[in-house]
Amino acid sequence: MQQILITGGAGYIGSHTAVALVNAGYEPIIVDNFSNSNKEVLNGLEKILGAPVKYHEGDCNDRKFMQAVFEENDLQGVIHFAASKAVGESTKIPLTYYSNNINSLIILLETMKQFGVKDIVFSSSCTVYGQPDKLPVKETTPRKDAESPYGNTKKICEDILTDHVKSGAPARVVALRYFNPIGAHPSSLIGELPLGVPANLIPFVTQTGAGIREKITVFGDDYNTPDGTCIRDYIHVMDLADAHVKSIQYLADQPENFIDLFNVGTGNGNTVMEVIKAFEKVSEKPLNYEIGPRRSGDIEKVWANTDKVSKVLGWTPQFGLEEALRDAWNWQLSLKK
Ligand SMILES: NC(=O)c1ccc[n+]([C@@H]2O[C@H](COP(=O)([O-])OP(=O)(O)OC[C@H]3O[C@@H](n4cnc5c(N)ncnc54)[C@H](O)[C@@H]3O)[C@@H](O)[C@H]2O)c1
């Protein structure tokens, strides 16, 4: 079995990708410092997979630790999820974000080079597009100035990867620009586990549905959208996980010194109100929400053009919004037990 290192593999997207990798015949090797995740995730993974998952506890910024991980395993490739990811927090502690997200990538690339590991899939984000002038947004759409230090780290990391390949390094790189991952594994054994107050819409919705939060505030209903609320492209996390497996398989067929990037979304946008209505349908209960003022820094609308990812990687999403919300809700209910 080929071993794939998953940095940040105990996190939300990484843990679901570990499942997808095993299902595709790979052995995931997790590295995580548990700064934004819980070791319980490993129990959930073990139950889904019926076997323990190998993990190394440590920091991707610790070169010696990373070298020891590469020494101990026979890695075919890496999926680099580990990063700090809260947009709002990044405006308060930008240096922490630049340090964690950029240093970890540089140390990883250097370690990969040292050990002759070529393939890397990088977690980028649709945040690099800002508010696109034309929708749906294509990979060729020029990136805009980042709205936050977090967004800027994703732009800089994409540039680092491009320059690394341009320099002649024998690397093979795919950067995936995720749109809005939601949902959970259908078993409800793993899912999104935000520490503290959720910064994303769906955990806030499900926590409000479960009575953990009193109500949810919709930030603005006077945008230029059909019902005035912001539009995003919500993608089921299992579909997103599958895009990583397809990327690893794709890289294996590429020449050395290669980089490509893909949007990973559904190609459909939904307003916040549509999400709330869909959640009410799935959970069969009304959601306590109120309309508040706009939140600064929010993009009005964005959704993906997915022609390239479907044509080149042969990837298409299998789940719709209601299925993703159903799985997110079942996960929330399982947490209450
Ligand atoms: N969730 C989203 O909405 C979204 C959207 C676009 C891009 N992304 C990117 O996808 C990746 C994964 O996101 P996620 O939602 O699974 O986040 P997450 O916080 O759930 O997972 C990240 C994991 O990385 C770990 N980590 C962070 N810094 C580390 C370090 N220095 N060393 C070792 N482990 C470290 C955390 O403990 C956590 O388990 C991130 O790079 C994020 O920026 C996420």
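See the structure above.
Read on for an overview of the structure. Not measured: the values here are computed from a predicted model. (Residues numbered from 1 in each chain as written. Predicted model: local features only at pLDDT ≥ 70, side-chain atom pairs only at ≥ 80, totals over all residues.)

Section: the environment of Tyr-98
Residue placement: Tyr-98 occurs in helix H5 (residues 94–115). Setting aside chain neighbours within four positions, we find Tyr-98 in contact with Pro-149 and Thr-153. (Helix = DSSP H or I, 4+ residues; strand = E, 2+ residues; numbered from the N terminus. Contact = placed C-beta atoms within 7 Å.)

Thoughts on the site of the ligand
Around the ligand there are 30 residues in total, and Gly-8, Gly-11, Ser-37, Ala-83 and Ser-123 lie nearest to it. Only helix H1 (12–23), strand E2 (27–32), H5, strand E5 (119–125) and strand E7 (180–182) provide two or more residues apiece to the shell around the ligand. With three residues, H1 is the largest single contributor of residues to the shell around the ligand. Tallied by class, the residues present in the shell around the ligand amount to 11 nonpolar, 16 polar and three charged. (Near = placed C-beta within 6 Å. Nonpolar A, V, L, I, M, F, W, Y, C, P; charged D, E, K, R; others polar.)

Let's talk about the pairing of strand E1 (residues 3–7)
Counting buried positions over the five residues of E1 gives four, a clear majority of the element. Pairing of E1 with E2, which is carried by five bridges, proceeds in the parallel orientation. When the bridges of E2 are listed, Ile-6 appears paired with Ile-30. As a crossover connection, the stretch from E1 through H1 into E2 is right-handed. One ladder, built from five bridges, connects E1 with strand E4 (residues 75–80); its direction is parallel. Along E4, the bridge assignment pairs Leu-5 with Val-78. (Buried ≥ 20, exposed ≤ 12 C-beta atoms within 10 Å, placed from the backbone. Pairing = 2+ DSSP bridges. Right-handed = clockwise from strand over helix to strand, strands pointing away.)

Section: the packing of H1 against helix H2 (residues 40–49)
Two elements in contact, H1 and H2, have axes separated by 10 Å at closest approach and are oriented at 25°. Between H1 and H2, the angle falls in the class roughly parallel. Remark: the crossing between H1 and H2 carries right-handed chirality. Contacts between H1 and H2 involve Ser-15, Ala-18, Val-19 and Val-22 on the former and, on the latter, Val-41, Leu-45, Ile-48 and Leu-49. (Axes fitted to C-alpha atoms, helices over the stretch in contact; angles between N-to-C directions. Parallel < 35°, antiparallel > 145°, perpendicular 65-115°, else oblique. Left-handed = near helix turned anticlockwise from the far one by under 90°.)

Considering unusual backbone geometry
Going from Leu-135 to Pro-136, the amide bond is cis rather than trans, its omega being -5°. Residue position: Pro-136 is located in the loop between E5 and helix H6 (149–166). Non-glycine residue Asn-257 carries a positive phi angle of around 65°. Following the sequence through the fold, Asn-257 ends up in the loop between helix H8 (237–252) and strand E11 (258–264). Of the residues examined, Asn-257 has 16 C-beta atoms within 10 Å and is grouped as partly exposed. For Glu-284, which is not glycine, the phi dihedral falls at a positive 55°. Within the secondary structure, Glu-284 sits in the loop between helix H9 (272–283) and strand E13 (289–292).

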